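# Notes for the structure review
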Amino acid sequence: MASISFKNVRKTYDNGVEVVKGFHLDVADKEFIVLVGASGCGKSTTLRMIAGLEDITSGELWIGDKLVNNIPPKDRDIAMVFQSYALYPHMTVYDNMAFALKLAGESKAVIDEKVKEAAEILGLTPYLDRKPKALSGGQRQRVALGRAMVRKPAVFLLDEPLSNLDAKLRTEMRSQLAHLHKKLETTFVYVTHDQTEAMTLGTRIVVMNAGIIQQVDTPRNLYTKPVNKFVAGFIGSPTMNFSNALVAEKEDGLYLEFEGHSVKLNAEKTKALKDGGYVGKEVIFGIRPEDVYEDEDVVKAGLEEKRVIEAEVDMYELLGSDVILYYYVGENKFTAIVNPATPTRTGDTTHFAFDVDRMHIFDKDTEVTICH
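Residues numbered from 1 in each chain as written. Predicted model: local features only at pLDDT ≥ 70, side-chain atom pairs only at ≥ 80, totals over all residues. Heavy atoms only, no water.

So, about the overall build of the protein chain. Looking only at helices and strands, one finds 10 helices and 21 strands in the protein chain. The burial tally for the protein chain puts 48% of its 372 residues in the buried class. Within the protein chain, residue pairs in contact and separated by at least 24 positions form 66% of the contacts whose partners lie at least 6 positions apart. Surface summary for the protein chain: the accessible area is close to 17400 Å², and the carbon and sulfur share equals 48%. Separation of charge centres in the protein chain, based on 45 positive and 54 negative side chains, amounts to 8 Å. (Helix = DSSP H or I, 4+ residues; strand = E, 2+ residues; numbered from the N terminus. Buried < 20%, exposed > 50% of the residue type's maximum accessible area, 1.4 Å probe, protein only. Contact = heavy atoms within 4.5 Å. Areas by Shrake-Rupley, 256 points an atom, 1.4 Å probe, with all protein chains shown as cover. Lys, Arg positive; Asp, Glu negative; His and termini not counted. Charge placed at Lys NZ, Arg CZ, Asp CG, Glu CD.)

As structure tokens, this is what we get:
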């Protein structure tokens, strides 16, 4: 087993484009860490540097107690699972899983034991004599995992392994991957652009943007305590609502004023804004859709006073257990996740209120979080 440590790692291509910038990260032994971010943020490049498939421009990369910058991939004790499965179509499941062991010169008895053990764990025993074309997408992905497992590497690297699967299979494979990690007790580094995968699989998540780590934290903390507006907007679906607002002081307290509306702040947020010197200045506030209440839920939550917004619903979206209402506050499009029994439909005018205690406020210039 092995820990992984990045020390000021950078990756610059020959054309001068720097895709990973000053990357510092320590991954503990047996941890399941997820790199997440939009396409082009550098997460796959980072994974490929661990694998040795990309050279490191500067900095140090350690696996366990070994500096691996110049160590070839075959000597790093890692196994990688790709998005494309990369199975040999002319080989059976058994032979695909056994191939790396044969190259390593393992005996037939050892190969047979390891392949059958991995097949049993992954539910592939009935399919060992089949070829990849006779398997479903989920089964092929499990074969790719099995091929990596039989080597018993210190580190598993997984590059968007579920992106080619349909929604139902992705859900099933997520649970299988989580179970596999617990069973193998091996370090997993997983790359995805899918935040649901990140939130459900990772013990910690690394949120990246333009080659820079924005925040490394537990899924819960990323959701409730984002360090900046980027993380707040990236984590969560539907995305967090944002608006510029003026911090205004009145006789009875501090208010956020935006688009003709005024919202009174609680004592904690009042103190943070006063201490930061934000009175009389513009900030950005964010509120998650589930923290926006509609009509009778406004009353139930005790949010009537000075927190109600009247708006016309731009779109009604039923998601089974939830309804999402889309509406505008000035030029800003907002969403609210509301009770599915709501009678409100597209074109109706209704009232909304924000749960100010769960509001996030950001510096307008730096977009760094002022308070949660």
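Relative to the elements of secondary structure, Thr46 occurs in helix 1 (residues 43-51). Taking relative accessible area as the criterion, Thr46 reaches 1% and is therefore assigned buried. With residues up to four places along the chain from it excluded, the contact list for Thr46 reads Phe6, Val20, Phe23, Leu35 and Met208.

Next up on the list: the sheet that holds strand 15 (residues 292-294). Strand order in the open sheet formed by five strands is 15-19-16-17-18, and the pairing between neighbours is antiparallel. Two strands close off the open sheet at either side, each with one partner strand: strand 15 and strand 18 (332-338). Within this sheet the neighbouring strands show an average axis-to-axis angle of 45°, counted without direction. Bridge analysis of strand 17 (residues 323-329) against strand 18 gives seven bridges, and the strand direction is antiparallel. In the sheet register, Tyr328 faces strand 18, and the bridge partner there is Lys333. (Pairing = 2+ DSSP bridges. Axes fitted to C-alpha atoms, helices over the stretch in contact; angles between N-to-C directions.)

Within the secondary structure layout, Ile337 lies in strand 18. Linking Ile337 and Leu319, residues 18 residues apart in sequence, is a C-alpha distance of 9.8 Å. Excluding its chain neighbours within four sequence positions, the residues that come into contact with Ile337 are Pro238, Pro289, Glu290, Val292, Asp322, Val323 and Ile324.

Turning to the sheet that holds strand 21 (residues 369-371), a few remarks are in order. Reading across the sheet, the six strands line up as 13-12-11-14-20-21 and stay open at both edges, with antiparallel pairing between neighbours. Strands with a single pairing partner mark the edges of an open sheet, and in this sheet they are strand 13 (261-264) and strand 21. Direction aside, the axes of adjacent strands within the sheet are offset by 40° on average. Note that strand 11 (residues 241-250) and strand 12 (residues 253-258) share five bridges and pair antiparallel.

The geometry of an aromatic ring pair comes down to the distance between the two centres and the angle between the two planes. The tally for this structure, following the rule as stated, stands at 14 aromatic pairs. By way of ring pairs, the aromatic residues Phe258, Phe285, Tyr327, Phe334, Phe352 and Phe354 are connected into one cluster. Across from the ring centre of Phe242, 4.6 Å away, lies the NZ or CZ of Lys229, which sits over that ring. Note that Lys250 overlies the ring of Tyr255, its terminal NZ or CZ placed 4.5 Å from the centroid. (Phe/Tyr/Trp six-rings, centres within 6.5 Å; stacked < 30°, edge-to-face > 60°. Lys NZ or Arg CZ within 6 Å of the ring centre and 35° of its normal.)

Another point: the domain arrangement of the protein chain. Accessible area lost upon the coming together of the parts is a frequently used measure of interface size. Parsing the protein chain into structural domains produces domain 1 (4-234) and domain 2 (241-371). Computed over C-alpha atoms only, the centres of domain 1 and domain 2 are separated by 39 Å. In this complex, domain 1 contributes nine residues to the contact, which on the side of domain 2 involves nine residues. Area buried by domain 1 at its contact with domain 2 is led by Tyr223, Lys229 and Ala232, which between them contribute 64% of it. Summed over the shared surface of domain 1 and domain 2, the result is zero salt bridges. Linking domain 1 with domain 2 are seven residue pairs in polar contact (both at pLDDT 80 or more), by the criterion used here. If you list the elements that add at least two residues to the side of domain 1 that touches domain 2, you get helix 7 (219-224) and helix 8 (229-234). (Domains from an automatic or database assignment. Buried area = accessible area lost by both parts, 1.4 Å probe. Salt bridge = Lys/Arg side-chain N within 4 Å of Asp/Glu carboxyl O. Polar contact = N/O pair within 3.5 Å; in protein donor to acceptor, adjacent residues only side chain to side chain.)

Note: strand 1 (residues 4-12) against strand 4 (residues 58-63), five bridges, orientation antiparallel. Along strand 4, the bridge assignment pairs Arg10 with Ser58. Hairpin connection between strand 1 and strand 2 (residues 18-27): a loop of five residues separates the two successive antiparallel strands, and Gly16 in this loop has a positive phi of roughly 90°.

The buried count for helix 1 comes to seven of nine residues, which makes it a mostly enclosed element. Within helix 1, burial applies to Lys43, Thr45, Thr46, Leu47, Met49, Ile50 and Ala51.

Okay, the confidence of the model for the protein chain next. Per-residue confidence for the protein chain averages 91 on the pLDDT scale, and 98% of its residues sit at or above 70. Mean pLDDT across the elements of the protein chain ranges from a minimum in helix 10 (residues 296-300), with 72, to a maximum in strand 20 (residues 360-363), with 98. (pLDDT = per-residue confidence, 0-100.)

By secondary structure assignment, the location of Thr366 is in the loop between strand 20 and strand 21. Relative accessible area serves as the criterion here: at 52%, Thr366 is assigned to the exposed category. Sequence separation between Thr366 and Lys229 is 137 residues; the distance between their C-alpha atoms is 9.0 Å.

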